[in-house]
Amino acid sequence: MCIRDRSTGKPPGNGMDPNEAIQNFCAITGMDDVGVAMGMLETANWNLEVAINTFLVANEGGMQQPAAGGHSGASHGSGDGRFNSEQLDENVWKVVEDDQPYGQYPFIYVILGADKCIMVDTGSGTGNLCEFVSSTINTAGLPYYVVNTHVHFDHVGGNHDFEAGGNCTALAMSGAHQVFSKNVEINSLCMAHGCSVKAYTVTRWLEEGDFVYLDDTNPSMEHALCVLNTPGHTPDSIALHYPHRNRLFAGDTLYPFTAMHLDCIGSNVDDYQTTLTKLQEFTADKEGIRLCAGHVEANIQPSAIQQVQGLVAEVLAGVNQPVRVDDGYGEYTDGMYSIMMKIPGN
C-alpha cells in the first residue's frame, strides 16, 4: 500500500459507502453472510475497524466457514486478535493481519508443499505471524520459504520473525530493481507511517520466469510458483502463478472496493498499464483462474483486469474526474475499482 491509505474505519457519513464497508468486512474476515456483516457494522456504528476487531475477538478460538473458491476449510484466529486465517484450497490459506494502528489489513498467503511452507508476503509485523502459522497451519513444521511481492512494509514486516525462528530456508523477492528493494527504510514507506521494519536478509533475487518449487526432490512446473514481473505499483512488484490451484498471487496490482495506489515512491502509470496488458494476456487461456490480491479479495475474476484498464484509460483521457484530490493526486473510481494516481497534466 502507500502513504495515502484507503479508508478503513469511516462510517458512511464520513466518506465510506455502506456497500463498500460490507464488502471490505466480508473480504477481510471471510464472512459470507451479508446480513451478519451488516448487523456487526451497524452495532459498531459503521466503524469498519471496530467491527472487524469485534469479529476477530469473538472468533479467536477458531471456527468453520465455507471458504471462498468452493473449498470448505478451517479458519482460525490468533489469541491476540492479530491474525485470522481461512483455507482457500486443500493446501492454500489466506491470513489477514489486523495491523492496527496502520490499518492496511494485508492478505498473506500460505502454501503447503511437500518439503516447504511458502509464505507469500508476511504482513506488517504487528504480531508474530511465524508463530501463528506454525501453530495453526504448518503444524508439521515444514521449513519456511518466504516470497515478498514487493518491498512495502505491510508485505515485508514479518520477514524478520521467520528468519529469527530458525526454520526459514530462503527469503526471496524481485531482483529487477535491487537498489530500490534494498532501501527498505525509505521505499517500504515505514517512515511515512510511523512504523519500522526489522532487518532481514534477501537470500534469493527472483527474475522473470523463475520457479519456486513445492517439492525440490520432484520439481514440476505444475507444483511451483512461477514469477512474473509486474511493475507499476512499485518497480519491484511481482506476481506468482500457481498452476495446480489455478491461482495468481498478484500483490497490490489489483483489488476492489478501495483505492489502488499509483502515488507511491517508484509508482509508474506507464509500467502499470503494461503490467495490466501482460496479466490480461497471461490469464486469457487459463479458464477459471483467480487473482489473489494483497488486500480485500482473494478470488478476483480475470475480467477485473480489463475493467481496471478501462478505468485508467478514462482517467488519462480526462473522462473520469477525481472524487477527491490530495497534493496533485486524484482518486478515481468506476464504483467497484478505485485508483489513486497523478492528475493528468499536473
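Caption draft 1: Focus on the environment of H76. By the secondary structure assignment, H76 is in strand β2 (residues 72-77). Since its relative accessible area comes to 26%, H76 is described here as partly exposed. Residues H76 and V95 lie 19 residues apart in sequence; the distance between their C-alpha atoms is 9.1 Å.

Caption draft 2: A look at the nonpolar core. Judged by nonpolar contacts, the single largest core of 40 residues is most densely connected at F25, I111, I118, V147, L225 and F249. If sequence neighbours within four positions are ignored, V147 has contacts with I118, M119, V120, D121, A172, L206, V212, I238 and L240.

Caption draft 3: Focus on the sheet that holds strand β15 (residues 290-293). Overall, mixed pairing links the five strands, which are arranged β10-β11-β12-β13-β15 in an open sheet. With one partner strand each, in any of the chains shown, β10 (211-213) and β15 form the two edges of the open sheet. Strand-to-strand twist in this sheet, taken as the mean axis angle between neighbours without regard to direction, amounts to 25°. Alignment of strand β11 (residues 224-229) against strand β12 (residues 238-242), held across four bridges, turns out to be antiparallel. Bridge assignment links N229 to a residue of β12, and that residue is I238. Sitting on the sheet, helix α9 (residues 269-283) is in contact with β11, β12, β13 (247-251) and β15, with an inclination near 145° to β11.

Caption draft 4: Representation of unusual backbone geometry in the model. Omega for the peptide link from Q100 to P101 comes to 15°, which places this bond in the cis form. You can see P101 is positioned in the loop between β4 (92-97) and β5 (107-112). One non-glycine residue with positive phi stands out, namely D121, at about 75°. In this fold, D121 is placed in the loop between β6 (117-120) and α4 (129-136). Assessed through its relative accessible area of 2%, D121 is described here as buried. A positive phi angle, near 55°, is found at D327, a position not held by glycine. In this fold, D327 is placed in the loop between β16 (324-326) and β17 (329-333).

Caption draft 5: A look at helix α1 (residues 18-29). For α1, with 12 residues, the first-to-last C-alpha span of 16 Å sits near the 16 Å given by 1.5 Å per residue. For α1, the full list of buried residues reads A21, I22, N24, F25, C26, A27, I28 and T29. Count one or two residues on from α1 and you reach G30, which has phi positive near 85°.

Caption draft 6: The arrangement of the packing of α9 against helix α10 (residues 303-316) in detail. At a minimum axis separation of 9 Å, α9 and α10 run at an interaxial angle of 155°. When the axis of α9 is compared with that of α10, the two are roughly antiparallel. Here the hand of the crossing between α9 and α10 comes out left-handed. Residue-level inspection shows V269, Y272, Q273, L276, T277, L279, Q280 and T283 of α9 in contact with α10, the latter providing I305, Q306, V308, Q309, V312 and L316.

Caption draft 7: Broad picture of the confidence of the model for the protein. Averaged over every residue, the pLDDT of the protein is 87; the share at 70 or more is 87%. Across residues 3-15 the pLDDT falls below 50, and counting only partners more than four positions away or on other chains, this stretch makes 40 contacts in the model.

Caption draft 8: Molecular detail of the side chain of N91. Mapped onto the elements, N91 comes out in the loop between β3 (83-89) and β4. If we ignore the near neighbours within four places in the chain, the residues touching N91 are V110, I111, L112, L214, Y242 and R245.

Caption draft 9: Molecular detail of the sheet that holds β17. Ordered in space as β14-β18-β17-β16, the four strands form an open sheet in which the pairing is mixed. Whereas interior strands pair on both sides, the edge strands pair on one side only; in this sheet they are β14 (259-261) and β16. Strand after strand, the sheet turns through a mean of 30° between neighbouring axes, direction not considered. Where α10 meets the sheet, it contacts β14, β17 and β18 (338-342), and its direction lies at approximately 40° from that of β18.

Caption draft 10: Molecular detail of the pattern of salt bridges. Under the counting rule described, the total for this entry stands at eight salt bridges. We note a salt bridge from R324 to E331, for which the minimum N-O separation is 2.4 Å. For R324, a relative accessible area of 32% translates into the label partly exposed. One salt-bridge network, held together by shared partners, links D115, K116 and D216.

Conventions adopted
Residues numbered from 1 in each chain as written. Predicted model: local features only at pLDDT ≥ 70, side-chain atom pairs only at ≥ 80, totals over all residues. Heavy atoms only, no water. Helix = DSSP H or I, 4+ residues; strand = E, 2+ residues; numbered from the N terminus. Buried < 20%, exposed > 50% of the residue type's maximum accessible area, 1.4 Å probe, protein only. Core = buried A, V, L, I, M, F, W, Y, C linked by side-chain atoms within 4.5 Å. Contact = heavy atoms within 4.5 Å. Pairing = 2+ DSSP bridges. Axes fitted to C-alpha atoms, helices over the stretch in contact; angles between N-to-C directions. Expected span 1.5 Å × (residues − 1). Parallel < 35°, antiparallel > 145°, perpendicular 65-115°, else oblique. Left-handed = near helix turned anticlockwise from the far one by under 90°. pLDDT = per-residue confidence, 0-100. Salt bridge = Lys/Arg side-chain N within 4 Å of Asp/Glu carboxyl O.

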